[in-house]
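# Observations on the three-dimensional arrangement
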Amino acid sequence: QVQLVESGGGLVQAGGSLRLSCAASGTIFSINVMGWYRQAPGKQRELVAVITSGGVTNYADSVKGRFTISRDNAKNTVYLQMNSLKREDIAVYYCAAHGVVDGTNSKRNYWGQGTQVTVSS
């Protein structure tokens, strides 16, 4: 069974920075795409940023220029550096791993439990 464990959320002042980490553990042969999604109160979950195993990235327009996603394939870990945080970034941030070839030799998608990011004014 593959598990995703997130860390790095918390409370920060507007304009500040946070760095989220997400490590995938278990029997993993490869992970196609890793990324971050977020869900604000009363809203649907939305994509924040994703990165392929080859390093190709995609960002939501709302975070371009402020957030940077990176990945360590050897550690099955994905990071999200969040700078210039705004009140509208308040949400639960979820890590995702898409197209995971695991110990059953099948491709699955996995989600983390989520980590809260709160931005104070």
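As a reminder, the structure under discussion sits directly above these lines.
Since the structure is predicted, the reported quantities are computational estimates derived from the model, not experimental observations. (Residues numbered from 1 in each chain as written. Predicted model: local features only at pLDDT ≥ 70, side-chain atom pairs only at ≥ 80, totals over all residues. Heavy atoms only, no water.)

Turning our attention to the pattern of salt bridges. Per the stated rule, a full pass over the model turns up five salt bridges. Ionic pairing is found between R38 and D89, a salt bridge with its closest N-O pair at 3.0 Å. Residue R38 is located in strand β4 (residues 28-39), and its partner D89 is located in the loop between β8 (77-82) and β9 (91-102); the two are separated by 51 residues in the primary sequence. Here R38 matches D89 in class, with each residue buried. For R108, the salt bridge goes to D102, with nearest N and O atoms at 3.1 Å. For R108, a relative accessible area of 38% corresponds to the partly exposed category. Under the relative-accessibility criterion, D102 is labelled buried at 4%. (Salt bridge = Lys/Arg side-chain N within 4 Å of Asp/Glu carboxyl O. Helix = DSSP H or I, 4+ residues; strand = E, 2+ residues; numbered from the N terminus. Buried < 20%, exposed > 50% of the residue type's maximum accessible area, 1.4 Å probe, protein only.)

Next up on the list: unusual backbone geometry. Not every positive phi belongs to a glycine, and S84 is a case in point at roughly 50°. In this fold, S84 is placed in the loop between β8 and β9. Within the chain, N105 stands out as a residue other than glycine whose phi angle is a positive 65°. Within the secondary structure, N105 sits in the loop between β9 and β10 (107-111). Owing to a relative accessible area of 63%, N105 belongs among the exposed residues under this scheme.

The next subject is the packing of aromatic side chains. Evaluation of the coordinates by the stated rule reveals one aromatic pair. Above the ring of Y94, the side-chain terminus of R45 is found at 3.7 Å from the ring centroid. Seen from the ring of W111, R45 lies directly overhead, with NZ or CZ sitting 4.8 Å from the centre. (Phe/Tyr/Trp six-rings, centres within 6.5 Å; stacked < 30°, edge-to-face > 60°. Lys NZ or Arg CZ within 6 Å of the ring centre and 35° of its normal.)

Structurally, N73 can be placed in the loop between β7 (67-72) and β8. Judged by its relative accessible area of 38%, N73 falls in the partly exposed class. As for N73 and S53, which are separated by 20 residues in sequence, their C-alpha atoms are 6.8 Å apart. A distance of 2.6 Å separates the side chain of N73 from the side chain of R71, its partner in a polar contact. (Polar contact = N/O pair within 3.5 Å; in protein donor to acceptor, adjacent residues only side chain to side chain.)

Along the polypeptide, R66 turns up in the loop between β6 (57-59) and β7. A polar side-chain atom of R66 sits 2.9 Å from the main-chain carbonyl oxygen of S84. Among the polar contacts listed, one links the side chain of R66 to the side chain of D89, at a separation of 2.7 Å. Not counting residues within four places of it along the chain, the set of residues in contact with R66 comprises Q81, M82, N83, S84, L85, K86 and D89. (Contact = heavy atoms within 4.5 Å.)

This paragraph deals with the environment of C95. Take C95: it is sitting in strand β9. Once the C-alpha coordinates of C95 and W36 are considered, the two residues, 59 residues apart in sequence, prove to be 4.7 Å apart. Discounting residues that sit within four places of it in the chain, C95 has contacts with L4, E6, C22, G35, W36, V78, Y110, W111 and G112.

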